[in-house]
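Given next are the chains, with one letter for each unit.
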Amino acid sequence: MKAGEGRVSSSGCSNMIENDLEMASVHKVSVRPPESMLHCIEGAVKETLFPDDPFRQFKNQPAKRKCFLGVQYLFPILEWAPKYSLKIFKSDLISGITIASLAIPQGISYAKLANLPPILGLYSSFVPPLIYAMLGSSRDLAVGTVAVVSLLIGSLIAKEISPAQNPQLALHLALTATFFAGIFQASMGIFRLGFVIDFLSHATIVGFMAGAATVVSLQQLKGILGLQHFTTETDIVSAMRSVWGQTHKVGHLKSGLNPLTVESFMFEGKYLKTLVKTGLIIGIITLTEGIAVGRTFALFKNYNIDGNKEMIAIGMMNIVGSCTSCYITTGAFSRSAVNFNAGCKTAVSNIVMAIAVMITLLFLTPLFHYTPLVVLSSIIISAMLGLIDIPAAYHLWKVDKVDFLVCMGAYVGVVFGNIEIGLIIAVTISLLRLILHVSRPHTAVLGNIPNTTVYRNAEQYPDAARVPGILILRIDAPIYFSNASYLRERIMRWIMDEEERLAKMKEDTLQYVIIDMAPVTTVDTSGIRMLEELKKTVELTGLQLALSNPGSDLMEKLEKAKFTEFLGPNWLFLTVGEGVAVCSSLLQARKLNG
């Protein structure tokens, strides 16, 4: 049979059949009323930047109440402080003292990881927790320095200078990088840019943490084995070379509270580019970890935390911290887990911890002079072992092999290269996967679930029956310039496959192609052009193209581009079921008419 022979066309007999069936009685696909450009922009901004609708609480409120709610929104402590009680304080007191006992040795150890004076670890456990208690929305997050980011800031600065030879310069660079990180973090919260950190997937974090934990543990061999000279590189090869190439103390911790360090900032000179890059990297990493930890424990207690508030809180505590001798801090997982298990109720546990650290700074720092270096190294290693999450990696392998590849890319990159390489590898693989999903979207042939008007993927539901003479397809993604050509070719291949199947089984020839557009949320001009070309190509083979269930945005664009007129309004259906009913009636009428 020649192409198009014996098939329904959009003219002649087909037109008469359409008129007889009074297709106008079928439910029509409507187009929403036109909106002004300003209204469209307003809606897009709201959905992009304010999906949680933070201004809802201000509606229909008097001016005085709005002012109070605004201050309360900026300082969440004002929400729960009026309801605070002695009973709650007892729980927070125990939790605060508990995490302080962990924060003090950890702070000293992690400052060593960052190639900074140990006292900075204590400074960083005093001021930032006070700032977070006022601005943060998590009840369980325990704030302070973390091992991975300490290693990260130390290694990034060590690429520019030698901390051993220029300790004062290294300190100034670390404080300035922390200031930049705080600016980036607070700005992301103010401008509602929280979606940026979503590019660091769970798989990336699992691999990155495990790789960093491995590297940190290897770096502690210097203290464990009492080595005098050790590599400043962060890869496993350099670390092992330092161990096999060689067959203690803690420095003096001065007493007193955090000195101001605003004059230490370095905004000029050859280090500015490095400082901005370091601030951006450590800012994003600490945001990701802090928010992820906060959400984890909030889930256990069935409350929500505001991601943008957290960004502002973490950013502000790093800005203020950098001005008061503190380097980069965030919500630490190990410390927060201890805080949670100790029974904390509010962020007051952070205030208690800060007070305990303040007492230590004022009166107890001389005692830490006698802490052996091996003890600090052991503390770090014990904390790092918990970050190597083998069950999580196995879960990724079992559920999603690409996610596992992302995880291992981050791990191998960190362990055998450096932290930056690990992040670049993981993010690159993730972005390539995203691009692949966008440029090669999933399509499916649909069949009818028996005794229903439901149509589903025929591969997923083997019982789903094909409709004689009709090919039903579904596009599972928006149609953009990046996937338009692929979709046209893929649809034509589906058509050829169906024709070959029908010929082989000696069934009725294919007459109609219905595309379910429900998953197609939008389309650009390249996509509309593809649909126009597809209609022409399909008609040249003697088939009729129809679309079903287009969404409001999609329908609006098709209408503005006059594609609905080009396709024919009778070939736009509200549901797949209605489209099948009309096409089947046309086929039956054609058979009756001979």
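Residues numbered from 1 in each chain as written. Predicted model: local features only at pLDDT ≥ 70, side-chain atom pairs only at ≥ 80, totals over all residues. Heavy atoms only, no water.

A word on the sheet that holds strand E6 (residues 512-516)
Basically, it comes down to this: Criterion used throughout: strands pair if DSSP finds at least two bridges between them. Only runs of H or I of at least four residues qualify as helices and only runs of E of at least two qualify as strands under DSSP, and these elements are numbered from the N terminus. Note on definitions: a residue-residue contact is assigned when non-hydrogen atoms from the two residues lie within 4.5 Å. A fitted line through C-alpha atoms represents every axis, and for helices the fit uses only the stretch in contact; the resulting angles, taken between N-to-C directions, go from 0 to 180 degrees.
Here six strands make up an open sheet; going across it, the order is E4-E3-E5-E6-E7-E8 and the pairing mixed. The open sheet is flanked by strand E4 (455-457) and strand E8 (572-573), the only strands paired with a single partner. Sheet topology places E6 next to strand E7 (residues 544-548); five bridges connect them, and they run parallel. Residue Ile-515 lies in a different strand from E7, and its bridge partner there is Leu-547. Its contacts with the sheet put helix H21 (residues 484-505) on strand E3 (443-448), strand E5 (470-475) and E6, and the angle it makes with E5 is roughly 150°. Seen against the sheet, helix H22 (residues 525-540) touches E6 and E7 and runs at an angle of roughly 140° to E7.

Points about the pairing of E5
Stated precisely, the cut-off is as follows: Accessible area is worked out with a 1.4 Å probe on protein chains only. A residue is then buried under 20% of its type maximum, exposed over 50%, and partly exposed in between. Note on handedness: a crossover is taken as right-handed if, strands pointing away from the viewer, the path from the first strand over the helix to the second is clockwise.
Within E5, six of the six residues are buried, which leaves it mostly tucked inside the rest of the structure. Residue alternation in E5 divides its side chains into two sets, Ile-470, Ile-472 and Arg-474 and Leu-471, Leu-473 and Ile-475, and both sets are buried. Of the strand pairs in this sheet, E3 and E5 are connected by three bridges, and their pairing is antiparallel. Pairing of Val-445 across the sheet is with Leu-473, part of E5. For the crossover from E5 across H21 to E6, the handedness is right-handed.

Observations concerning helix H16 (residues 348-364)
Put simply, the test is: Multiply 1.5 Å by the residue count of a helix minus one, and that product is the helix's expected span.
Helix length check: H16, at 17 residues, gives a terminal C-alpha distance of 23 Å against a target of 24 Å (1.5 Å per residue), a fit within 8%. Those residues of H16 that fall on the buried side of the exposure criterion are Val-348, Ser-349, Asn-350, Val-352, Met-353, Ala-354, Val-357, Thr-360 and Leu-361. For H16, the secondary structure elements touched by its buried residues are helix H4 (77-80), helix H5 (86-113), helix H6 (119-123), helix H7 (127-135), strand E1 (143-144) and helix H15 (333-341).

Points about the pattern of salt bridges
Condition: Within this document, salt bridges are pairs made up of a side-chain nitrogen of Lys or Arg and a carboxyl oxygen of Asp or Glu, the two lying within 4 Å of each other.
Inspection of the entire model under this criterion finds eleven salt bridges. The partner of Glu-533 in a salt bridge is Arg-529, with the nearest N and O atoms 3.5 Å apart. Highlighted residues: Glu-533 and Arg-529, both in helix H22, separated by four residues, approximately one helical turn. A relative accessible area of 30% places Glu-533 in the partly exposed class. Here the salt bridges share partners, and the residues they tie into one network are Asp-400, Asp-403 and Arg-433.

Function cannot be read off these values alone, since they describe shape.
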